[in-house]
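Notes for the structure review
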Amino acid sequence: MVSLFCRKRGKGGSAHSRAGTRIWVFIVMAPVLMLLAGGGVDGCFSRNGQVGYVGTSTCMGCHDGRSATDMRHFVEGPHNRISCETCHGPGYQHVRAGGRGGILIDNPAKLPFAQSANLCSQCHGSYVENYRKTTHATAEGASCHDCHDTHRKGGFRVETSGPPHADMNIAKNLCGQCHASQTEQFLTSGHAQIGVATCISCHDMHQETMFTANPVDNSLCLQCHGSSFLGFNSQANIDFHTGDFHPVDPAGSGASRCITCHMPALAQADQPFAGFDHSMMTIPPALTNELMASGVIPVPPNSCAGIAGCHDSNVPGSGLPFDVNNPVDNSFLQEVYEAIGELP
Ligand code: HEC
Ligand code: HEC
Ligand code: HEC
Ligand code: HEC
Ligand code: HEC
Ligand code: HEC
Ligand code: HEC
Ligand code: HEC
């Protein structure tokens, strides 16, 4: 890619502001341009002495859905103040070839994964830097353009309305494409149904941890539930909810950790990990047994046995008897479960 400096337009040269007029000029001029294409065009369309640039209006002459992919929505997108060629490189050769087959033009989507964010880092340095530390980058799971459509209003690959945090479409159609089970569970939750939280209320795609706050010390949930309106605004209130026998535990065994009970891991040591339950509803001990009896694999452990093995007799020193892989009568555990969960 050429340097940013070369691609700067002069004042008033903003591509989109004149796109309308220029498209018409282009349509009228097109045959002439094609004739000239053998030579001389570079001169008229060079910028700052850089040959090979043709300008956004020329691109739009074809990319209006008639002879090439429709990009007219670009004028409403977040990048409408920069030119097509800022990101796609000089387009003269591409235009001269009539664009056929999309040849002779840079397409960032065709770069190797590790390089695909380089273009964006020229202008969004800190976003790219943080993104590179996330699992999405390290596991080559999702690149910038898997989530963002730089040409589209809102800047996402999916249609959005309003700010991203208020938009369930991001959960359903963007994250959901790659994280089907979490999304399916999440959509059954009160959070999704009332529309009060979405994936990105908890997961920040541009933080190394991929969280908006710490799930381990409860601050993730308390961002919202810590308000007096939602009740968990004091340790006493949290203790009340989790039962006297589950005191707040700063050292972090997790006894009063929201996610231990509300997001148990959906698999055990000898079963494939199936993620943490995103329905946010606790799983009663009795349900585990029912599901096991009906042959569900992996058996979702209940909120008491959980991944921490708090009440799993497989784990030495665990409290009440219960083996999630070979459940014995757990009616006592079920009774204890029923004594928990009153809202403050
Ligand atoms: C003469 C018509 C024409 C013009 C002018 C034109 N294109 Fe294209 N372009 C095409 C056609 C045809 C394709 C291939 C089919 C498609 O993607 O619609 C294409 C494909 C592309 C692709 C996809 C490449 C790929 O790897 O698949 C990009 C990116 C692109 N054009 C960018 C541009 C840019 C930027 C400009 C302005 C510098 C431009 N085009 C001007 C006709 C044109
Ligand atoms: C901010 C950078 C940026 C700008 C500005 C930009 N593009 Fe793109 N373009 C991309 C990236 C990244 C991709 C690959 C990912 C994708 O398809 O969105 C792409 C892909 C494309 C494709 C292939 C899309 C497809 O569906 O096959 C076309 C065609 C295209 N751009 C044309 C244009 C035109 C025309 C303009 C100007 C009106 C433009 N782009 C402006 C970054 C940009
Ligand atoms: C030449 C500089 C430049 C490049 C390269 C660039 N951007 Fe941008 N981007 C901008 C500007 C300027 C804005 C508008 C910022 C604003 O409105 O506050 C923007 C806005 C955005 C937004 C915010 C959308 C919104 O509605 O607020 C996203 C998302 C984005 N860019 C993603 C990308 C991605 C992904 C790439 C790489 C494919 C990229 N950008 C490449 C300059 C650039
Ligand atoms: C193009 C596919 C794709 C999209 C889109 C996508 N992800 Fe991912 N995501 C992955 C892959 C692959 C991984 C790494 C493997 C894994 O843990 O599943 C991952 C990992 C994660 C992780 C971390 C898992 C861990 O163990 O560290 C979180 C959290 C996550 N994604 C959330 C999201 C959210 C929220 C969205 C929507 C804003 C989203 N993802 C969109 C593919 C995607
Ligand atoms: C897994 C999906 C995903 C990936 C991958 C991703 N982003 Fe984002 N990005 C988002 C979401 C969701 C938001 C909105 C966050 C919010 O508002 O809290 C966002 C926000 C942004 C913003 C700010 C937009 C604004 O409204 O201010 C920019 C800029 C941006 N991303 C650029 C990038 C760049 C550059 C890359 C690649 C290095 C990238 N993103 C990779 C999902 C993603
Ligand atoms: C973005 C704000 C926000 C975040 C973050 C959040 N919640 Fe909520 N949650 C709410 C709101 C608002 C309600 C609805 C309360 C009501 O209707 O009384 C709710 C409802 C709930 C419910 C009842 C849902 C139902 O299906 O009836 C549970 C359980 C819950 N949240 C648990 C959690 C847990 C556990 C976390 C952390 C992992 C969390 N929440 C994080 C805002 C949030
Ligand atoms: C020791 C286990 C445990 C812990 C820790 C725990 N909860 Fe609960 N919670 C329950 C049980 C059991 C219920 C009642 C059954 C249900 O609704 O899932 C419940 C119910 C709720 C409800 C009401 C659900 C509804 O249907 O209206 C909310 C909201 C909630 N918890 C939020 C939290 C938050 C926030 C935290 C962390 C501060 C937390 N819980 C910690 C076990 C726990
Ligand atoms: C209320 C907060 C909250 C919401 C909303 C939320 N998550 Fe999560 N998510 C978490 C927590 C907490 C973990 C990690 C649990 C742990 O590590 O104990 C997690 C873990 C994950 C993981 C890692 C694998 C797994 O299942 O543990 C992925 C992927 C993921 N979430 C995707 C999503 C997607 C996609 C959405 C939206 C459909 C979403 N999350 C909504 C809190 C949330």
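To keep things clear, this report deals only with the structure shown in the data block. Computed from a predicted structure; not experimentally measured. (Residues numbered from 1 in each chain as written. Chains lettered and ligands numbered in written order. Predicted model: local features only at pLDDT ≥ 70, side-chain atom pairs only at ≥ 80, totals over all residues. Heavy atoms only, no water.)

Attention now moves to the coordination of the iron atom of ligand 2. Ideal geometry at a metal centre gives angles of 109.5 degrees when four donors are arranged tetrahedrally and 90 or 180 degrees when six donors are arranged octahedrally. The iron atom of ligand 2 binds to the protein through H88 (NE2) and H151 (NE2), with metal-donor distances spanning 2.0 Å. What the 6 donor atoms of the iron atom of ligand 2 show is an angle range of 88 to 180° at the metal, which sorts the shape as octahedral. Pair noted here: H88 is in helix α5 (residues 84-88) and H151 is in the loop between α10 (144-147) and α11 (168-178), with a separation of 63 residues, a long-range link. Residue H151 is classed as partly exposed on the basis of its relative accessible area, which comes to 22%. (Donors = N, O, S within 2.8 Å, 3.2 Å for Na, K, Ca; no water. Tetrahedral: all angles 85-135°; square planar, octahedral: opposite > 155°, others 65-115°. Helix = DSSP H or I, 4+ residues; strand = E, 2+ residues; numbered from the N terminus. Buried < 20%, exposed > 50% of the residue type's maximum accessible area, 1.4 Å probe, protein only.)

Under the defined criterion, the tally for this structure stands at 5 salt bridges. As a salt-bridge pair, R66 and D64 come within 2.6 Å of each other at their nearest N and O atoms. For D64, a relative accessible area of 8% gives the class buried. Among the ionic pairs, D70 bridges to R72, the shortest N-O distance being 2.8 Å. By relative accessible area, which is 30% here, D70 ends up partly exposed. Exposure remark for R72: the relative accessible area of 47% places this residue in the partly exposed category. (Salt bridge = Lys/Arg side-chain N within 4 Å of Asp/Glu carboxyl O.)

Turning our eyes to something else, we now look at the site of ligand 2. Close contacts around ligand 2 come from 18 residues, with C84, C87, H88, H151 and R157 the closest. Side-chain polar atom of H88 to a nitrogen atom of ligand 2: 2.8 Å apart, as the coordinates give it. If you tally residues by element for the shell around ligand 2, the top one is α5, at 3 residues. Class assignment for the residues of the shell around ligand 2 results in 9 nonpolar, 8 polar and 1 charged. When residues of the shell around ligand 2 are sorted by domain, at least three fall in each of domain 1 (4-106) and domain 2 (117-160). (Near = heavy atom within 4 Å. Polar contact = N/O pair within 3.5 Å; in protein donor to acceptor, adjacent residues only side chain to side chain. Nonpolar A, V, L, I, M, F, W, Y, C, P; charged D, E, K, R; others polar. Domains from an automatic or database assignment.)

The interhelical angle for the contact between α11 and helix α12 (residues 180-188), taken along N-to-C directions, is 150°, at an axis separation of 7 Å. In this view, α11 runs roughly antiparallel relative to α12, as classed from their interaxial angle. Across the interface between the two elements, M168, A171, K172, C175, G176 and C178 from α11 touch A180, T183, F186 and L187 from α12. Tallied by class, residues from the contact of α11 with α12 come to 7 nonpolar, 2 polar and 1 charged. (Axes fitted to C-alpha atoms, helices over the stretch in contact; angles between N-to-C directions. Parallel < 35°, antiparallel > 145°, perpendicular 65-115°, else oblique. Contact = heavy atoms within 4.5 Å.)

Attention shifts here to the nonpolar core. Membership of the largest hydrophobic core is limited to 10 residues, which are F156, V158, M168, I170, A171, L174, C175, F186, A192 and C199. A per-element tally of this core places α11 first, with 5 residues. Setting aside anything within four residues of it in sequence, one finds C175 in contact with I170, T183 and C199. Counting residues in each nonpolar core, the second largest holds 5 residues, with V128, Y131, A137 and C144 among its members. (Core = buried A, V, L, I, M, F, W, Y, C linked by side-chain atoms within 4.5 Å.)

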